[in-house]
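Commentary on secondary and tertiary structure
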Amino acid sequence: MGTPVTSMDHRAPTGDPMLTARFAPPAVPGLLVHRPELLKRLTAGVRGPLTLINGPAGSGKTVLTAHWAADGRAPRPPMWLTVEPDDAPGAFWAYVLEALHRGGVALPAGVGRPTRAEGVTRSFLVRLADGLAATAQPAVLVLDQFDTAQPPATTEGLDFVLRHAGGGLRIVLTSRSDSLLPLHRYRAAGEITEIRHADLRFTDEDAEALLGEHGLDISQAGVRLLMERTEGWAAGVRLCALAMQRSADPEAFLRQFAADRTTIADYLLSEVLDAQPPLTRDLLLRVCVTDRVHPDLADALTGRDDGAQTLAGLARDNAFLEQIDASAWYRLHPLFAEVLRAHLRQRRPGLEPRLHGRAARWLARTGRLTEAVLQGAAAGDWQFAAAQVVDNLAIGRLLTGLEADQLGRAFAGMPAGTPGAAPALVGAACRLAEQDVAGGEAGLRRADTSLTASSGPAARLGRAFLGVLAGRLAGDPKATERAAADADRLLREIAPPLLAGHPELRALLLAHLGAAELAAGRLDRAGSALTAAVAACGAPGGEDAAGEHPAGEHPGMEHPLCDALGSLALAELLRGRLRQAAEHARAALAVAEQSALPPGRRTGVDHLVLAGVAVEQDDLAAARRHLDLAAAAAGSRPDPATAARAAVIGARIAASEGDADTALAALRAVDAAGLSARVRDELAVAESAVHLARSDAVAALQVLDAVEAASAEAPWETPEGDRPEYAVARARALLAAGRGADARQELDGVPGDDSVPAPVRARACLLRAQIAAADGDPDGAHRRLGEALALARPEELRRMFVESGPWTGRTLRKDPQLTRSHGWLNPRTPVRTARTPQDGGAPPVVEPLSPRETDVLRKAADLLSTEEIAAELYVSANTVKTHLKSIYRKLGVARRSEAVHRAQDLGIL
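Quick caveat: nothing in here was measured; it's all calculated off a predicted structure.

For the rest of this paragraph, the subject is the overall build of the protein chain. What the protein chain contains, in helices and strands, is 46 helices and 7 strands. Put simply, the protein chain has 909 residues, and 53% of those count as buried. Partitioning the intrachain contacts of the protein chain with sequence separation of at least 6 by distance along the chain shows that 69% fall at a separation of at least 24. For the protein chain, the exposed area adds up to about 39600 Å²; of that, 52% sits on carbon and sulfur atoms.

Here is the structure:
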């Protein structure tokens with residue numbers, strides 16, 4: 001051990017003076033994002049020998065380290081050395097000695113100094129390590145920008161000194177690439193702290209804080225967009241913030257900015273692209289045309305064979321290219337890719353389409369259909385792209401599945417007159433996906449001019465498949481059936497292995513056929529087709545038809561399964577099977593949620609059916625909630641028949657809520673042209689019910705008679721088979737008009753067997769009971785009412801009894817046994833301990849009910865109308881309404897049924 005060094009020759013081995021700037025950490029930016037967690041990790045890291053901060057250019061490595069150095073968190077002030085790529089080993093060690101000296105580290109004089117730039121001796125490294133080991137306090141040295149450009153001798157020497165300094169040296173390295181240091185040894189020994197790119201990425205909160213420092217008040221959506229574009233790249237966020245400061249509308253800048261026309265482009269081109277060798281720059285410019293790149297694809301694009309090596313090197317060097325999930329594939333940072341594509345168009349005009357074409361064919365050869373189609377479309381090679389879709393039976397992907405929107409956008413630029421059957425079919429599919437029936441049919445006619453008997457089965461199957469969809473959307477069941485028959489025949493001509501890869505085709509065909517039958521009012525046939533469609537998709541909890549995938553998990557099956565389940569639910573609702581309808585609707589919702597089906601691909605029919613079920617069961621709050629959800633479904637573009645049925649359900653709810661005007665407006669807004677006779681019947685029945693709700697029996701009869709008159713003028717449009725719903729509706733209107741005999745005659749034509757839906761039979765029995773009561777036949781009335789209740793009970797059809805007026809309530813009150821047998825008419829929530837505080841300790845009621853209010857509530861619980869309650873209690877209807885409002889306020893509810901349930905829960909009733 002010699003005498004400590006007290007003076008040095010502050011020159012490099014080359015004789016040049018030491019650059020003072022290399023020993024000073026850069027100034028911490030005034031507008032800084034504080035990242036306390038990373039600072040803590042740095043402080044903890046220097047308790048060990050090595051801390052590595054690794055990330056791409058602009059990721060904030062140096063800023064973070066300089067902030068930490070200035071923050072005073074280190075056990076002693078760290079020394080700083082900015083490493084230059086061309087530092088020879090001797091020069092590097094001379095700078096290290098100078099940094100230590102400037103940091104106050106007293107090394108023995110025997111350590112000596114490098115005498116030549118090219119290198120140092122092992123003896124020098126031994127003396128240096130020994131000198132550091134003897135220091136009282138560990139020296140903390142930051143080596144900024146210590147990259148792979150350093151000669152191996154430098155990293156080997158640094159590793160030697162670090163391992164032999166006895167804890168006297170702590171190194172913090174910042175670099176874009178992994179150092180040549182044997183990091184695995186440090187990891188195995190637990191002697192390294194690593195802060196990587198993933199750690200350096202800005203979070204939403206970091207970006208929001210930085211924008212705030214720039215005086216920018218950006219919405220949460222704007223911050224999310226900024227993070228999507230930059231993927232948390234610190235320099236990108238900073239550069240955007242600066243640009244936004246200069247923009248009159250920062251939010252608009254975020255939505256519209258193009259990376260290739262900003263300082264971001266300058267940064268990436270100079271710091272990343274220009275730093276690469278010529279062949280690497282060429283590779284980057286060529287592979288940027290794809291969203292992801294495989295080494296073999298890179299070779300196809302460059303015509304060379306260095307793809308694997310070059311891509312791996314770029315990923316290792318954090319050159320804005322990363323390996324995807326440890327696979328053979330890589331992806332460029334989206335901003336970098338955007339800049340590269342702009343640079344490619346500028347520097348090599350005409351090359352980009354050719355590269356897209358090469359990529360398309362490589363992707364097609366390797367079975368990556370969607371990517372091949374997207375690349376073909378980007379190349380403007382519409383024949384190739386469309387042929388890929390048609391020949392591979394992928395026409396359904398334009399209509400369903402998570403890739404439908406992406407493929408639709410790719411073909412949006414295809415010229416309308418592109419010749420050939422495949423482009424015509426693809427164009428028709430795109431139009432039909434947007435429910436442009438006229439455009440779709442025009443495309444199909446154009447395809448017909450190119451298709452011949454010798455055309456391949458795939459193209460002819462695509463034509464038939466689209467014919468089914470067009471028929472459904474046009475409300476033409478005959479055309480739908482013809483096309484479905486063609487498709488069924490052609491399916492047998494397709495090679496089984498190809499067909500097995502597209503189970504969505506058969507499922508879609510059945511789902512569209514079933515929906516067309518449903519629109520035509522042929523409920524049994526619709527049910528059969530839709531049940532088969534669900535089975536083809538794989539019943540919930542089961543597997544698809546091929547037995548290979550759980551339900552809804554085969555790519556592209558989510559939409560047909562939801563569509564089929566929703567249509568099946570509607571068919572069951574129309575057949576009066578409410579429980580099955582609700583079950584299918586909830587299954588459709590579950591599939592949509594589990595598969596994360598985008599809102600734009602949902603129909604809202606599931607919620608619509610649940611609204612229809614709820615209104616028939618007199619749960620108006622649930623009915624309104626589901627109807628609102630159905631209307632809010634972003635992708636809800638129902639076919640005309642479903643839209644008409646939505647109007648019917650909406651009108652039922654509005655009328656039940658006492659808003660007849662809204663109910664009539666909803667029904668009259670429906671364009672009946674083109675609807676089946678069955679659907680027109682449904683509209684008329686619904687409108688007659690609204691008129692009856694406002695006690696206008698004449699109008700109720702008129703609307704039904706108008707439908708009948710229209711059928712007489714156009715008998716070919718008369719609904720097929722019996723029309724029991726129409727007959728019951730007319731009987732109801734006749735009875736309300738005081739024409740009991742006519743009503744009885746109308747009901748005589750309604751069969752009493754299972755060929756008629758149970759709700760229709762129940763309503764018919766109820767009307768017969770009312771007629772019997774009016775005729776002075778109490779025994780007959782009692783018997784018929786019992787039959788109606790027995791039919792209604794399985795589906796809990798309460799609404800029809802509410803709509804029947806006070807007669808039902810009065811009759812039930814006279815027969816306690818019948819009332820007890822049908823307690824479901826007045827459903828109760830599970831009984832809780834009466835008069836106990838609710839969750840959270842809230843008092844059960846705001847204010848006790850008065851005796852009179854309790855009397856009113858008891859009458860309401862007996863299903864009496866306001867007028868009946870008034871008559872029973874010898875007060876006016878307005879007085880009853882006043883009591884009800886007070887009851888609602890005290891119980892914290894908004895409706896009569898809720899008040900009854902709430903009072904039952906609280907033990908008041």
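This part takes up the packing of aromatic side chains. One pass over the structure, following the stated rule, counts 10 aromatic pairs. Pairing Phe92 with Phe146 gives two aromatic rings, centres 6.0 Å apart and planes at 55°, and the pair type is tilted. In this pair, Phe92 sits in helix H3 (residues 89-102) while Phe146 sits in the loop between strand E3 (139-144) and helix H5 (152-164), placing the two residues 54 residues apart along the sequence. Under the relative-accessibility criterion, Phe92 is labelled buried at 0%. The class of Phe146 is buried, set by a relative accessible area of 0%.

This part is about the nonpolar core. Formed by 63 residues in total, the largest nonpolar core has its most connected members in Leu573, Val609, Leu785, Leu789 and Phe801. Per-element tally for this core: the top contributor is helix H28 (residues 558-574), with 10 residues. Discounting chain neighbours no more than four positions away, the residues touching Val609 are Gly566, Ala569, Leu570, Leu573, Ala581 and Ala585. Grouped together as the second largest cluster of nonpolar side chains are 60 residues, Leu254, Leu268, Cys288 and Leu355 included.

The grouping of Asp204, Glu205, Glu208 and Asp217 at the surface amounts to a negative patch. Residue placement: Asp204 occurs in helix H8 (residues 204-213). Residue Asp204 is classed as partly exposed on the basis of its relative accessible area, which comes to 32%.

Residue placement: Thr642 occurs in helix H32 (residues 640-656). In contact with Thr642, not counting residues within four places along its chain, are Leu570, Val605 and Leu608.

The next thing to look at is the sheet that holds strand E4 (residues 169-175). The 5 strands are arranged E2-E3-E4-E1-E5 in an open sheet whose pairing can be described as parallel. The open sheet has two edge strands with one neighbour each: strand E2 (79-82) and strand E5 (192-195). When the angles between neighbouring strand axes are averaged without regard to direction, this sheet yields 15°. Helix-sheet contacts for H3 involve E2 and E3, and the interaxial angle to E2 is about 155°. Of the strands in this sheet, strand E1 (50-54), E3 and E4 touch H5, which is tilted by about 145° from E4.

Glancing now at helix H9 (residues 220-230). Of the positions making up H9, those classed as buried are Gly222, Val223, Leu226, Met227, Arg229 and Thr230. Looking straight down H9, one finds its buried side chains confined to an arc of 165°; they lie on one side. The inward-facing, buried residues of H9 contact H8, helix H10 (234-246), helix H11 (250-256) and helix H16 (334-347). Among the residues trailing H9, Glu231 stands out with phi positive, at a value near 55°.

Of note in the backbone geometry, Gln145 takes a positive phi value of approximately 60° without being a glycine. With respect to the helices, strands and loops of the structure, Gln145 is situated in the loop between E3 and H5. Given the relative accessible area of 41%, Gln145 is considered partly exposed.

Another point: helix H12 (residues 263-273). Within H12, burial applies to Ile264, Ala265, Leu268, Leu269, Val272 and Leu273. Projected down its long axis, H12 carries its buried residues within an arc of 125°, all on one side.

Two elements in contact, helix H14 (residues 295-302) and helix H17 (residues 351-365), have axes separated by 9 Å at closest approach and are oriented at 140°. Taken together, H14 and H17 sit at an angle that is classed as oblique. Relative to H17, the crossing made by H14 is right-handed. Of the residues in H17, those touching H14 at Asp296, Leu297, Ala300 and Leu301 are Leu355, Arg358, Ala359 and Trp362. Taken together, the residues of the contact of H14 with H17 sort by class into 6 nonpolar, no polar and 2 charged.

Moving on, we come to the pairing of E2. Every second residue of E2 is oriented toward a common face, with Met79 and Leu81 on one face and Trp80 and Thr82 on the other, all of them buried. Sheet topology note: the E2/E3 ladder contains 4 bridges and is parallel. Opposite Leu81, over in E3, you have Leu143 as the bridge partner.

Another aspect to go through is the pattern of salt bridges. For the structure on display, the rule yields 60 salt bridges. Asp742 is paired through a salt bridge with Arg739; the nearest N and O atoms lie 2.9 Å apart. Overall, the relative accessible area of 31% leaves Asp742 in the partly exposed class. Residue class for Arg739 comes out partly exposed when judged on its relative accessible area of 37%.

Attention shifts here to empty space enclosed by the protein. Applying the stated criterion across every chain, the model contains 4 cavities of 30 Å³ or more. Taken as a whole, the largest cavity holds about 100 Å³ of empty space. Around the largest cavity, the lining residues are Leu32, Val33, Arg35, Ser59, Gly60, Val63, Leu64, His67, Phe202, Ala234 and Arg238. Secondary-structure elements contributing two or more residues to the lining of the largest cavity are helix H2 (61-71) and H10. With 3 residues, H2 is the single largest residue contributor to the lining of the largest cavity. A breakdown of the residues in the lining of the largest cavity according to their chemical character gives 6 nonpolar, 3 polar and 2 charged.

Turning next to the pairing of E4. Where a strand is regular, its side chains alternate between the two sheet faces. Counting buried positions along E4 yields 7 of 7 residues, so the element is predominantly enclosed. Both E3 and E4 contribute to a ladder of 5 bridges, which runs parallel. Residue pairing for E4: Val140 is matched across the bridge by Arg170.

Residues with a pLDDT of 70 or more make up 90% of the protein chain, whose mean pLDDT is 85. Here residues 829-845 is modelled with pLDDT under 50, and outside its nearest four sequence neighbours on either side it reaches 19 contacts, counting other chains as well.

Attention shifts here to the packing of H17 against helix H18 (residues 369-378). Between H17 and H18, the least distance of the axes is 8 Å, while the angle of their chain directions is 160°. In terms of axis orientation, H17 runs roughly antiparallel to H18. In the packing of H17 onto H18, the handedness of the crossing is left-handed. Only Glu371, Ala372, Gln375, Gly376 and Ala378 of H18 make contact with H17, whose side of the interface consists of His356, Ala359, Ala360, Leu363 and Ala364. Broken down by class, the residue content of the contact of H17 with H18 amounts to 6 nonpolar, 3 polar and 1 charged.

Take Arg763: it is sitting in helix H38 (residues 758-774). In this structure Arg763 comes out as buried when scored by relative accessible area, which is 17%. Leaving out residues up to four positions away in the same chain, Arg763 has contacts with Arg652, Val728, Arg732, Met800 and Glu803.

Along the chain, the position of Arg116 falls in the loop between H3 and helix H4 (122-133). For Arg116, a relative accessible area of 45% puts it in the partly exposed group. In this structure, the C-alpha to C-alpha distance between Arg116 and Gly15, residues 101 residues apart in sequence, is 9.6 Å.

Calculation rules
Residues numbered from 1 in each chain as written. Predicted model: local features only at pLDDT ≥ 70, side-chain atom pairs only at ≥ 80, totals over all residues. Heavy atoms only, no water. Helix = DSSP H or I, 4+ residues; strand = E, 2+ residues; numbered from the N terminus. Buried < 20%, exposed > 50% of the residue type's maximum accessible area, 1.4 Å probe, protein only. Contact = heavy atoms within 4.5 Å. Areas by Shrake-Rupley, 256 points an atom, 1.4 Å probe, with all protein chains shown as cover. Phe/Tyr/Trp six-rings, centres within 6.5 Å; stacked < 30°, edge-to-face > 60°. Core = buried A, V, L, I, M, F, W, Y, C linked by side-chain atoms within 4.5 Å. Patch = residues over 30% accessible without salt bridge, like charges linked within 9 Å, V, L, I, M, F, W, Y side chains within 5 Å. Salt bridge = Lys/Arg side-chain N within 4 Å of Asp/Glu carboxyl O. Lys, Arg positive; Asp, Glu negative; His and termini not counted. Charge placed at Lys NZ, Arg CZ, Asp CG, Glu CD. Pairing = 2+ DSSP bridges. Axes fitted to C-alpha atoms, helices over the stretch in contact; angles between N-to-C directions. Arc of directions from axis to C-beta. Parallel < 35°, antiparallel > 145°, perpendicular 65-115°, else oblique. Left-handed = near helix turned anticlockwise from the far one by under 90°. Nonpolar A, V, L, I, M, F, W, Y, C, P; charged D, E, K, R; others polar. 1 Å grid on protein atoms, 1.4 Å probe; cavity = no way out; pocket = protein on both sides within 12 Å on 5 of 7 lines; lining within 4 Å. Points joined across faces, edges and corners; volume = space filled by probe spheres on them. pLDDT = per-residue confidence, 0-100.

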